[in-house]
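# Residue-level structure breakdown
Here's the letter readout for the chains.
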Amino acid sequence: MSYFIRTFSLCLYCLYISTALLFFAGLGLSLASAQLQEGATYSLDFYNAPNGYEGYWLSAHVDQQATLQKVDYTQDKKTQFVIHRGLAGTGTISFESVQYPGYYLRHKNFQIVLSKEGDLSFKKDASWKVVPGLADPQLLSFEALNFPKYYLKHGNFEFMMGTVDSKQSSKEEATYDPAFVNDQGKISVGKSFAFDFAFFPDGFQDYWMHATPAQPARLNNGEVDQSQFMVRQGLAGQGTVSFESVEYPGHFLRHSGFNIFLHKKTSDNIFIKDASWKVVPGLVDPSMVSFESLNFPKQYLKHTNFAFVVGKSDQSEFEKKNASFSGRYVARIFVGDVFKEGSKDGKGQSARFRSIRDLTIDPQGNIYVVDRTDATIRKITSDGTVSTIAGQTLQEGSVDGLGQNARFTNPESITIDMEGNLHVAESFREGHNRFDNMPRLREITPDGTVSTRKLHNPLAAVEDMDVDLNGNLVLSTYNKKKFTRISPRGTLGIVDLPQKPSGFHITSDGTIYMYAEDDLRFSQISKISPSGQVTPLTGLKMIGFKDGPASEAQFHDGKGITIDAKGTIYIADRTARIRALSSDGIVRTIAGAKDSGNFGIYCKLAIGPDGKLYVSDNKSIRVITLD
């Protein structure tokens, strides 16, 4: 959600943007309490819906009259609209469909339809004045630009442009409580969320809200399970969310005496309201999220002096930061230490590494890493126990043998084949004679025997490596537009590519997902079918950082890439972030700070059999529990 297409869906029982005090840049509107934000995504609702009709939203198909439909507005893009400066000029807004880009809500013959942008008459029909809600001035109504006193309204589940009489029911038909659509997935019912120290100073990268029953919630860097919350439908009803502890099921975050506590759920009406929150765009950055108290308008969940409270967020940048959360996943340290290096076997964070360059995972969940500077191969069991299985600390060489009798020089990449053999690619040694300095390919059998693969041709510097369905090793080599395939017999084959691959991953069906760059430093993520067909998954963009639609997203040197069972692709690049490309074509940052990421610039990724994402991060292995 670092990049927002914020959307406007018309739904009745939505989130109170009115209390978010969002500033709609350039509209020239000055509403008492309800304002919209240009570029954001919202939905239009069935305000004050009678029993049984909650959850109905404006839904629009191309060239058809808009109707009220009962759907999940966070998932149905036909109910989502991007707010733009009015097509007819300043002082108005226009609603562009997320499902059908370039199509806008307009009135035509007094019906509300979704049509493609056109002439001046169209632009006037698609431009609306935002006014205080006719039924409730804390909410919103939309008056037609070219038909004064005619409003966007609904009747008999259809949307139209019409007048409003003095009856309350007539006013309610033209009143909306815009729901902010968190279309990048930071907050979704049924998914996990962690409250992070989003704008951390150095040394506080891994601080999150920790909550235990009956104790005030605090920023801490201890047990990660106490930082994980499941997002639930708000206990107080639609338009809100509630946070249930993963560690303590049935316990929810609520405010009490302005402090944030974790209390067991009760049916008490005060508890239900205290534990329900409105989701609004981040107060300091709309690509983030903030949480407004349901029963204390304009009071936000925030942290201060390491404690969490509910309180006003004044206009200072500092206060807004304290009430804004990035929604990053918790990337806890599994083994090693982010700052401390060494060569020490042991368990969990007591182990030490010098420079982990790559990792691979076997079906049992054991992780194998190459420690380049230490010249060793290490094994990490599923409970976090670290041992050295080959090589000796800081003793370089090219010696075959059993386990720690072997020697390695600059081990760079590692992968595992279907028989459980590990394959390790070494890189050039600086300052050595080039003839004796060719990269080597080593093999480690399950019993720990290390041997050097005999190749028919010299090996170039390896950036990444994996095994295909036929047992061939597939390698990407530095600055080359090709894959190198090495058969079990040692013969080399070349697969030419239009770009230079860096990181890549081969799935169980033989599909290759790769990050690549061209000669002009434009980057792209693509997939290659088993038959060799290359399909771009993102646009070809200048290297950089940008989340959002895949066609517009930017990356920089994505050396780590993998894919989960749901088809979500994960990328670690030099922006010090972990990025996710979902199957619906949206790129978002799931871990790493917005400006100064808390990952190194050379991370590799792997999905374990437990479904978790493991990240090699120089001196540590970190783990992210995915939804």
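Residues numbered from 1 in each chain as written. Predicted model: local features only at pLDDT ≥ 70, side-chain atom pairs only at ≥ 80, totals over all residues. Heavy atoms only, no water.

### Observations concerning the overall build of the protein chain
Which entries qualify depends on this criterion: Each helix is a run of H or I in the DSSP string that is no shorter than four residues. Each strand is a run of E no shorter than two, and both are numbered from the N terminus. Using a 1.4 Å probe on the protein chains alone, a residue whose accessible area is under 20% of its type maximum counts as buried, one over 50% counts as exposed, and one in between counts as partly exposed.
Helix and strand counts for the protein chain stand at four helices and 52 strands. For the protein chain, the proportion of its 627 residues judged to be buried stands at 56%.

### Observations concerning the nonpolar core
Threshold: Among buried residues, those of type Ala, Val, Leu, Ile, Met, Phe, Trp, Tyr and Cys that are joined through side-chain atoms within 4.5 Å constitute a nonpolar core. In this description, contact between two residues means that some pair of their heavy atoms is separated by no more than 4.5 Å.
Within the largest apolar cluster, 28 residues are counted, with the highest numbers of intra-cluster contacts made by Leu58, Phe142 and Leu152. Among all residues touching leucine 152, those that are not within four sequence positions of it are Leu44, Leu58, Ile112, Trp128, Phe142, Phe159, Met160, Glu173, Ala174 and Tyr176.

### Comments concerning the pattern of salt bridges
What counts here: Salt bridges, as used here, are contacts in which a Lys or Arg side-chain nitrogen is within 4 Å of a carboxyl oxygen on Asp or Glu.
Applying the stated rule across the entire model yields 26 salt bridges. Notably, a salt bridge pairs arginine 378 with aspartate 371, separated by 3.8 Å at the nearest N-O pair. The burial state of arginine 378 is the same as that of aspartate 371; both residues are buried. One network of salt bridges, in which partners are shared, links Glu463, Asp557, Lys559 and Arg574.

### Brief notes about the confidence of the model for the protein chain
Put simply, the rule is: pLDDT is defined as a per-residue confidence score from the predictor, taking values between 0 and 100.
Across the protein chain, the average pLDDT comes to 84, with 87% of residues at or above 70. Scored below 50 in pLDDT, residues 1-34 shows 192 contacts in the model against residues more than four places distant or in partner chains. Note on residues 431-436: pLDDT under 50 across the span, and three contacts to partners over four residues away in sequence or across chains.

### Quick look at the layout of surface pockets
Put simply, the rule reads: Using a 1 Å grid laid over the protein atoms alone, points where a 1.4 Å probe fits but cannot get out form a cavity; open sets with protein on both sides within 12 Å along at least 5 of 7 lines form a pocket; any residue with an atom within 4 Å of a point counts as lining. Grid points are joined across faces, edges and corners, and a volume is the space filled by probe spheres set on the points. Side-chain classes follow a simple rule in which Ala, Val, Leu, Ile, Met, Phe, Trp, Tyr, Cys and Pro form the nonpolar group, Asp, Glu, Lys and Arg form the charged group, and the remainder, Gly included, forms the polar group.
There is about 940 Å³ of room inside the largest pocket. Looking at the lining of the largest pocket, the elements that each hand over two or more residues are strand S27 (356-361), strand S32 (411-416), strand S36 (462-467), strand S40 (500-506), strand S46 (560-563) and strand S50 (604-607). Classifying every residue of the lining of the largest pocket gives 18 nonpolar, eight polar and nine charged.

### Things to note about the packing of aromatic side chains
Quick note on the threshold: A pair of aromatic rings is counted whenever rings of Phe, Tyr or Trp (Trp by its six-membered ring) have centres within 6.5 Å, and the orientation is called stacked for planes under 30 degrees apart, edge-to-face for over 60 and tilted otherwise. The rule for a charge over a ring is simple: NZ of Lys or CZ of Arg within 6 Å of the ring centre, and within 35 degrees of the ring normal.
All chains considered together, the criterion is met by 18 aromatic pairs. On the numbers, 5.5 Å between centres and 65° between planes, the contact of phenylalanine 195 with phenylalanine 291 is edge-to-face. Of the two residues, phenylalanine 195 is situated in the loop between strand S14 (192-193) and strand S15 (208-210) and phenylalanine 291 in strand S22 (residues 289-293); the sequence distance between them amounts to 96 residues. Like phenylalanine 195, the residue phenylalanine 291 is buried in the burial classification. With centroids separated by 6.4 Å and ring planes inclined at 25°, the aromatic side chains of phenylalanine 308 and phenylalanine 325 adopt a geometry described as stacked. Highlighted residues: phenylalanine 308 in strand S24 (residues 307-312) and phenylalanine 325 in the loop between helix H4 (317-322) and strand S25 (331-336), separated in sequence by 17 residues. The residue whose ring lies beneath arginine 357 is tyrosine 602, and the NZ or CZ to ring-centre distance is 3.8 Å. Residue placement shows arginine 442 over the ring face of phenylalanine 408; its charged tip is 4.8 Å from the ring centre.

### So, the sheet that holds strand S45 (residues 548-549)
Defined as follows: Note on pairing: two strands pair once DSSP finds at least 2 bridges between them.
Read across the sheet, five strands follow the order S45-S49-S48-S47-S46 without closing on themselves; strand pairing throughout is antiparallel. Two strands lie at the open edges of the sheet, namely S45 and S46, each paired on one side alone.

### Some details on the pairing of strand S6 (residues 93-97)
Along S6, five of the five residues are buried, which leaves the element largely enclosed by surrounding structure. Side chains Ile93, Phe95 and Ser97 of S6 all project onto a buried face; the interleaved residues Ser94 and Glu96 project onto the opposite face, where all are buried too. Examined bridge by bridge, strand S5 (residues 81-85) and S6 share five bridges and lie antiparallel to one another. Within the sheet, the bridge partner assigned to isoleucine 83 lies in S6 and is phenylalanine 95.

### Let's talk about the sheet that holds strand S35 (residues 449-452)
Across the sheet, five strands lie side by side as S31-S35-S34-S33-S32; this open sheet has antiparallel pairing. The open sheet is flanked by strand S31 (401-402) and S32, the only strands paired with a single partner.

### Looking at unusual backbone geometry
Phi at phenylalanine 157 takes a positive value of approximately 70°, unusual for a residue other than glycine. Summarising the element assignment, phenylalanine 157 is placed in the loop between strand S11 (151-155) and strand S12 (158-162). Of note in the backbone geometry, alanine 214 takes a positive phi value of approximately 70° without being a glycine. Here alanine 214 shows up in the loop between S15 and strand S16 (218-220).

### Here we look at the environment of asparagine 259
Tracing the backbone through its elements, the reader meets asparagine 259 in strand S20 (residues 259-264). Residues asparagine 259 and alanine 217, 42 residues apart in the sequence, show an inter-C-alpha distance of 7.8 Å.

### What about the pairing of strand S34 (residues 441-444)?
A regular strand places its side chains so that they alternate between the two faces of the sheet. Alternating residues of S34 divide into Leu441 and Glu443 and Arg442 and Ile444, and every residue in both groups is buried. Summarising the sheet, strand S33 (residues 422-426) and S34 pair through four bridges and their orientation is antiparallel. Bridge pairing in S34 links valine 424 to arginine 442. The turn linking S34 back onto S35 is made up of four residues, and glycine 448 within it adopts a positive phi angle of 95°.

### As for the side chain of aspartate 337
The criterion, for reference: Neither His nor the chain ends is counted toward charge; the positive residues are Lys and Arg and the negative residues Asp and Glu. Throughout this description, a polar contact denotes any pair of N or O atoms lying within 3.5 Å of each other; where both atoms belong to protein, one of them has to be capable of donating a hydrogen while the other can accept it, and for residues adjacent in sequence the pair is counted only when both atoms sit in side chains.
One can find aspartate 337 in the loop between S25 and strand S26 (346-347). No salt bridge is formed by the buried aspartate 337; its nearest oppositely charged neighbour, arginine 352, is found at 4.5 Å. Within polar-contact distance, the side chain of aspartate 337 engages the backbone nitrogen of phenylalanine 339 at 2.8 Å. Within the local environment of aspartate 337, its side chain forms a polar contact with the backbone nitrogen of lysine 340, the two atoms lying 3.0 Å apart. Setting aside anything within four residues of it in sequence, one finds aspartate 337 in contact with Ala351, Arg352, Lys619 and Ser620.

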